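Structure assessment
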Amino acid sequence: MAGPADRPPAGGPSGLAVLLADDRLAFLWSAVHRRLEATGGRVAGVAVHLRALTDDQRLAVDRLLGAHRRGRTVRVDLAGLDDLLRARAGTSLIDVVTAAVGPLRDCPGERSARADREAALWAGLRSHPAVAGRPELDEWLAHLRATGQWRRLDDPAARLAGTLDVVARLPLPDRRGRSRLAAEVLGNAHGLDDTSPVGRLATAALAHLTGWTGPLRAADRRALWDGQGVVADETSSTVLTLGLRPRPAGPLTVAAGEWAAGGVPLPLPLAAVQSESWRLAPGTVVWVCENPSVLAAAAGLPVGVVCLEGRPSVAATLLLRTLAAGGAVLRYHGDFGAGGISIANQVIGDLGAQPWRFRTPDHRDALGLVAANGVTPPSLSGPVPAACWDPDLGPAVQTSGVEIEEELLLDLLLDDLRRSAG
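Now for a look at the structure at hand. (Residues numbered from 1 in each chain as written. Predicted model: local features only at pLDDT ≥ 70, side-chain atom pairs only at ≥ 80, totals over all residues. Heavy atoms only, no water.)

1. A word on the sheet that holds strand β7 (residues 285–289)
Strand order in this open sheet of 6 strands is β6-β5-β8-β7-β9-β10, and the pairing throughout is mixed. Both outer strands of the open sheet, β6 (266–269) and β10 (354–355), are each paired with one neighbouring strand and no more. Bridge analysis of β7 against strand β9 (residues 329–333) gives 5 bridges, and the strand direction is parallel. Opposite valine 288, over in β9, you have tyrosine 332 as the bridge partner. On the sheet, helix α15 (residues 314–325) packs against β5 (238–242), β6, β7, β8 (304–307) and β9 and is oriented at approximately 50 degrees with respect to β5. (Pairing = 2+ DSSP bridges. Helix = DSSP H or I, 4+ residues; strand = E, 2+ residues; numbered from the N terminus. Contact = heavy atoms within 4.5 Å. Axes fitted to C-alpha atoms, helices over the stretch in contact; angles between N-to-C directions.)

Have a look at this one:
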């Protein structure tokens, strides 16, 4: 015959207190609390599974439920437990777990409210004037939303709206600095810095709008903004040159001729390119490369070389455009890869350069050369865009699956430079 200690808790006003006083049931109330938060307080059709119970815990649950179960896993139907507590202890299951653990959150309700707020946020963003008539920007917003990364922003609504406010002003009818644009649109001169939330978002939006697929280096970011009429970095934008002998137009161009005579590479800041007229003798060939190793190897040769060091900086774009306008002939070579062809589309397609060993047959020869030298090129870093000057080149590079960097073809390029120098 069962003794008093083996009977379920007695009813009456002290029933709740008796239940809470049994420390062996604390784990049960915690498990039920979590389950009720997940269901929004619903008990019908809901159960908890108690696993790895100790002997004391299993006996306490058996005593509460008036049943004997074997094993260390017990399934507890919450609706049945609620009925039992009301009948035997004069209290509800929700009252017990609230008293034992704390107030219940309505997690489904919170999720629903959060989903409603997010839906309203994105609906508002998609109706922003910047998005009207620009499906690419709407596509970027959809991608950003799908990644969920926007939730990491300190104030998503303000940051995203600020980004669209900036993009709505682009391209600018007159060139100006990025800090000035940030002050005008965001009220903060540093609001479009590369490290700021809106600066990162706006740069990503511009990359998507222009079809940029590779990693964004500093020069790439400057070029993206420059394409919108924004001088991204008015003080540190530079372009690396070698052997340029511009017609003297002031102290800077005179000094450049002296540097060329010395065979020493000359980094030109944007301010220098803007200050004087950089013109060469008409018909002068300027060899344009992507990587500094080509320019360094050419040091001492009487040739003019401009190194982009990746995507053209503001200074590089302005210099090349100025040289071409003055009658110079630009010839460009870059890496046979996703980034190299994307850069070449700008230099060849937008700035009027000619390809330099940068067509489909040249790519085929390059593959043969690196194979003969026993070199394994790195894999492609992304999808290869179409080359505006050679429709077969992009597919050929994509099919090869590898990126052939300029350094692997250095001897060929130097031979061209030596022949050009006479």
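2. Details of the packing of aromatic side chains
According to the stated counting rule, one finds 5 aromatic pairs in the structure shown. A centroid spacing of 5.6 Å and a plane angle of 15 degrees characterise the contact between phenylalanine 358 and tryptophan 389, whose relative ring orientation is stacked. Residue phenylalanine 358 is located in the loop between β10 and α17 (360–372), and its partner tryptophan 389 is located in the loop between α17 and α18 (393–400); the two are separated by 31 residues in the primary sequence. Classification of phenylalanine 358 by relative accessible area gives buried; the value is 0%. Residue classification places tryptophan 389 among the buried residues on the basis of a relative accessible area of 13%. (Phe/Tyr/Trp six-rings, centres within 6.5 Å; stacked < 30°, edge-to-face > 60°. Buried < 20%, exposed > 50% of the residue type's maximum accessible area, 1.4 Å probe, protein only.)

3. Considerations on the layout of surface pockets
Reported here for the largest pocket is a volume of approximately 490 Å³. As for the largest pocket, its lining consists of 19 residues, of which Leu144, Gln149, Arg200, Leu201 and Ala204 are closest to the centre. When residues of the lining of the largest pocket are traced back to their parent elements, those giving at least two are α7 (135–147) and α10 (197–210). (1 Å grid on protein atoms, 1.4 Å probe; cavity = no way out; pocket = protein on both sides within 12 Å on 5 of 7 lines; lining within 4 Å. Points joined across faces, edges and corners; volume = space filled by probe spheres on them.)

4. A closer look at the packing of helix α2 (residues 26–39) against helix α5 (residues 93–100)
α5 packs onto α2 with a crossing angle of 110 degrees between their chain directions and a minimal axis gap of 9 Å. As summarised for this structure, α2 and α5 are arranged roughly perpendicular, according to the angle between their axes. Once α2 is placed against α5, the crossing between them reads as left-handed. Residue-level inspection shows Trp29, Val32, His33 and Leu36 of α2 in contact with α5, the latter providing Leu93, Ile94, Val96, Val97 and Ala100. (Parallel < 35°, antiparallel > 145°, perpendicular 65-115°, else oblique. Left-handed = near helix turned anticlockwise from the far one by under 90°.)

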